[in-house]
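Report on the structure
Okay, here's what each chain looks like letter by letter:
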Amino acid sequence: MSAFIIDEVKKTFSNGEIEEEILKGVNLSLKEGEITALIGPSGSGKSTVLTIAAGLQKASTGEIMFEGKDMTKMSQEEVRHIRATDFGFVFQSSHLVPFLTVAEQLQLMLDVSETKTSKKEQVKAIDEMLKLVEMEHRKEAYPSSLSGGERQRVAIARAIIHRPKILFADEPTASLDTNRSKGVMELLQELTRTLNLTTLMVTHDEEMLPYVDRVITMRDGYIVE
Amino acid sequence: MKIAWKEMKKNKTRFLILGSIIFLVSFLTFIISGLANGLSQDNAALIKKLPQGQFYLDKDADKTYNLSKIDEGVQQQIFIDNPEATAFSVQMGFVNDAEDKQHSLAFVTSTDSELFENVKEGEIVLDRSLQEDGIQVGDVLTNNQFSGEFVVKGFVDQQKYSHAPVAFIAMTNYQEMYRVMEMQTIFIPGKDAPTLSALDSFSNKEFLHAIPSYSAEQMSLNMIVWFLVIISGMLFAIFFYMMNVQKIGLYGILKAIGMKTISLFKMIWYQMLVITAISLVLSIALSQAFSFVAPEGMPFHLTMDTVWMLSAVFMVVGFIGATISGFQVKNIEPLQAIQQGEM
Ligand SMILES: Nc1ncnc2c1ncn2[C@@H]1O[C@H](COP(=O)(O)OP(=O)(O)OP(=O)(O)O)[C@@H](O)[C@H]1O
Ligand SMILES: [Mg+2]
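On a predicted model such as this, the values are computed, not experimentally measured, just so you know. (Residues numbered from 1 in each chain as written. Chains lettered and ligands numbered in written order. Predicted model: local features only at pLDDT ≥ 70, side-chain atom pairs only at ≥ 80, totals over all residues. Heavy atoms only, no water.)

1. Some thoughts on the overall build of chain B
Quick reminder of the rule: In this description a helix means any DSSP run of H or I spanning at least four residues, a strand means any run of E spanning at least two, and both kinds are numbered starting from the N terminus. The reference for a compact globule is 2.2 Å times residues^0.38; the radius of gyration itself is calculated from the C-alpha atoms.
A count of helices and strands for chain B gives 11 helices and 10 strands. In terms of overall dimensions, chain B is more spread out than a globule: its C-alpha atoms have a radius of gyration of 28 Å, far above the 20 Å expected for 343 residues. C-alpha extents for chain B along the principal axes are approximately 90 × 50 × 25 Å.

2. Notes on the pattern of salt bridges
Our working rule: Salt bridge criterion: a side-chain nitrogen from Lys or Arg within 4 Å of a carboxyl oxygen from Asp or Glu. Think of it in three bands: with a 1.4 Å probe and only protein chains considered, a residue is buried below 20% of the maximum accessible area for its type, exposed above 50%, and partly exposed in between.
This model, assessed by the stated rule, comprises 16 salt bridges over all chains. The closest approach of N and O atoms between B:Asp157 and B:Arg128, which form a salt bridge, is 2.7 Å. Here B:Arg128 lies in the loop between strand E4 (123–127) and helix H4 (129–132) and B:Asp157 lies in the loop between strand E6 (150–156) and strand E7 (160–161), a separation of 29 residues in the sequence. Overall, the relative accessible area of 46% leaves B:Asp157 in the partly exposed class. Via salt bridges that share partners, A:Glu67, A:Asp86 and A:Lys165 belong to a single interconnected network.

3. Description of the UniProt feature "domain: ABC3 transporter permease C-terminal" (unreviewed entry) in chain B
Put simply, the test is: UniProt positions are given in the numbering used here, feature names are shortened, and annotations may be inferred rather than shown by experiment.
Per the UniProt record, "domain: ABC3 transporter permease C-terminal" (unreviewed entry) is annotated on residues 223–334 of chain B. Secondary structure across residues 223–334 of chain B divides into 84% helix and 0% strand, with the first and last C-alpha atoms of the span separated by 44 Å.

4. Regarding the UniProt feature "transmembrane region" (unreviewed entry) in chain B
Residues and elements named next belong to chain B. This chain's UniProt record puts "transmembrane region" (unreviewed entry) on residues 223–243, 264–286 and 306–327. In this annotation, residues 223–243 is assigned 100% helix and 0% strand; the end-to-end C-alpha distance for the span is 30 Å. Helix and strand shares over residues 264–286 are 100% and 0% respectively, and the end C-alpha atoms of the span are 33 Å apart.

5. Digging into helix H1 (residues 2–10) of chain B
The following threshold applies: Whether two residues are in contact is decided by their heavy atoms, any of which lying within 4.5 Å being enough.
When we look at burial in H1(B), the residues that qualify are B:Ile3, B:Ala4, B:Lys6, B:Glu7 and B:Met8. Residues of H1(B) that are buried in the fold lie against helix H3 (102–112) of chain A together with helix H2 (12–48), helix H8 (248–256) and helix H9 (261–293) of chain B.

6. Section: the UniProt feature "domain: ABC transporter" (unreviewed entry) in chain A
Those places that UniProt annotates as "domain: ABC transporter" (unreviewed entry) correspond, in this numbering, to residues 4–225 of chain A. Taken end to end, residues 4–225 of chain A comprises 33% helix and 27% strand; its first and last C-alpha atoms sit 18 Å apart.

7. Some thoughts on the interface of chain B and chain A
Here is the rule we go by: Each of two parts loses accessible area, computed with a 1.4 Å probe, when they are put together; buried area is these two losses added.
Of the residues lining the interface, 23 residues belong to chain B; the matching set on chain A comes to 24 residues. Among the residues chain B hides against chain A, the three largest losses belong to B:Lys6, B:Ile257 and B:Leu335. Together they make up 28% of the total. On inspection of chain B and its partner chain A, the count reaches three salt bridges. Ionic pairing is found between B:Glu333 and A:Lys58, a salt bridge with its closest N-O pair at 4.0 Å.

8. Examining the packing of H2(B) against H9(B)
Residue and element names in this part refer to chain B. Defined as follows: Every axis in this analysis is a line fitted to C-alpha atoms, fitted for helices over the stretch in contact. Angles between the N-to-C directions lie between 0 and 180 degrees. An angle below 35 degrees is treated as roughly parallel, one above 145 as roughly antiparallel, one from 65 to 115 as roughly perpendicular, and anything else as oblique. For any pair of crossing helices, the crossing counts as left-handed if the nearer helix is rotated counterclockwise from the farther one by less than a right angle, and right-handed if it is rotated clockwise. Basically, the charged four are Asp, Glu, Lys and Arg, the nonpolar ten are Ala, Val, Leu, Ile, Met, Phe, Trp, Tyr, Cys and Pro, and anything else, Gly included, counts as polar.
Where H2 contacts H9, the axes come no closer than 8 Å and their chain directions differ by 40°. On the basis of their axis angle, the class for H2 and H9 is oblique. Remark: the crossing between H2 and H9 carries right-handed chirality. Counting all contacts with H2, which are made through Phe 15, Leu 18, Gly 19, Ile 22, Phe 23, Ser 26, Phe 27, Phe 30 and Ile 31, the residues of H9 involved are Gln 271, Ile 275, Thr 276, Ser 279, Leu 280, Leu 282, Ser 283, Ile 284, Leu 286, Ser 287 and Phe 290. When the residues that make up the contact of H2 with H9 are grouped by side-chain class, the tally is 13 nonpolar, seven polar and no charged.

9. Considerations on the sheet that holds strand E7 (residues 166–170) of chain A
All names here are of chain A. Under the convention used in this document: Should DSSP find at least two bridges between two strands, the strands are taken to pair.
Overall, mixed pairing links the six strands, which are arranged E6-E7-E8-E3-E9-E10 in an open sheet. Every other strand in the sheet has two partners, leaving strand E6 (87–90) and strand E10 (222–223) as the edge strands with one partner each. Pairing between E6 and E7: four bridges, direction parallel. Residue Phe 87 lies in a different strand from E7, and its bridge partner there is Ile 166. Here helix H1 (residues 46–53) sits on the sheet in contact with strand E3 (35–39), E6, E7, strand E8 (198–202) and strand E9 (214–219), set at roughly 150° to E7.

10. Brief notes about a positive patch on the surface
Convention followed: Within the patch definition used here, like charges are joined within 9 Å and nonpolar side chains (Val, Leu, Ile, Met, Phe, Trp, Tyr) within 5 Å, considering only residues with over 30% relative accessible area and no salt bridge. Where accessible areas are quoted, they stem from the Shrake-Rupley method and a 1.4 Å probe; at the residue level, only the protein chains shown are allowed to cover. When charges are tallied, Lys and Arg are placed among the positive residues and Asp and Glu among the negative ones, while His and the ends of the chain are skipped. Taken as the charge location is NZ of Lys, CZ of Arg, CG of Asp or CD of Glu.
Taken together, the side chains of A:Lys119, B:Lys2, B:Lys9, B:Lys10 and B:Lys12 make up a positively charged region of the molecular surface. With respect to the helices, strands and loops of the structure, B:Lys10 is situated in helix H1. B:Lys10 sits in the partly exposed class, given a relative accessible area of 38%.

Below, the structure written as structure tokens:
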């Protein structure tokens, strides 16, 4: 069953006079419990596909079907609600909130997604999640004092603490060494299986491909498979 | 609004700068309006202290009180119809003390009334500021237009007219000094004081503005105060705007994870409220302290009414500034905001 379908999505950026079509009709469907990897040369449009799919920017044309509804036709507020409750997003650079501690980043995500569990359960969930990404020892640290890899693991934890249905990850292993990268990929694999996530990730790294279920290649705004 | 508070705690410098701008501007506004009010007291405390009512001048006086001479017959009739009416006159002049030092005064006399000091012939009651000049109860004062002498009976607080201390004297002494029998002004207290066909009538406010220097002085000072309020309003708005432009990347992240726009607004409002309130409390405290240390002779009079009103205006202005800067956060796509923040 396809949980998420991208249908003929095009994206045009206009820089003043010049209009440039970056996505020229992308079709893609994601399956529940699977990790799909988007690969392709730099500038081919991978991040653009990912951010449009995640509702962080709008497609110029095309449809994005999530649970049978077209997200491109939804109001700003409906898309926001989906982002808050059903999606998780890991950015190419971690984008944590600079003035919140590691634990508070996750608490904020629980607040934003309006998770209805008790405070005690939330604290426990945060602890467990931090244990999962091996960050519980830096619970009280601020992002500025973390290494790139540590930030990325916190970002992953933030992206899934609220139990989203779909996880988008833009090169989550880019700033990590091979061992750490494999750790993160194992984590994604495990989370995707155990939480029945649907994961779409972008990667440059061939070594990560054994961990994914499906690989899709992009070139010049097209999917070439 | 824990997140708004956490941000302020973590980025103290940024919010301290904003707070000190608000503090300085509001403090300046309080001081200037304290001075405006002080000068106004200094110029017209005598009139400002009177209750709400109507003032009447002779029609021929052309709205200038020191040209006014109210016909005695008219006055008699008014007193019969309105038992609470008072007639009074004011003229600028001088007295000499025992050491022959001259003091500038505003001589005031009135018919028997609770609103003015009632003084016996040969006696004088002075504004307290003259006590600081060394005059004491029992001192003898002279005036070159007056054949007798004035014995100081006592002092009253805050009685000023035309920037001079007021001296209450008896009607007969006044009439001798200024060679007039008629009184200048009639005052009838009460909201429903009648309009009299024989005389021009003025409300308290209108009468204040009939004092020649009063209008000009108050107008310029009030203009300065309102300019300050407008300029500080623009400063607030600009600073909140700049701060939010700097924070656009953060708002992008918060929007990306699905935070509601209203929550972003609440965050902006909360920070504005806390900063403005703290700054205002400080500048209120300092401006009140200033009224104690203000140099002697500097007319500084800042009432709590004025302070609350100006504070409310600052709050509203700050709120508008914060809201305007919130709107540019509202309409931006999360990704665009994040990318702008990275530049
Ligand atoms: N906001 C924008 N305005 C104009 N052009 C843009 C914008 N965002 C992306 N592009 C362009 O779209 C193209 C695709 O960008 P995208 O970030 O999707 O590439 P990518 O495949 O993720 O590359 P990389 O592997 O380097 O991350 C690039 O040529 C980029 O310059
Ligand atoms: Mg990219």
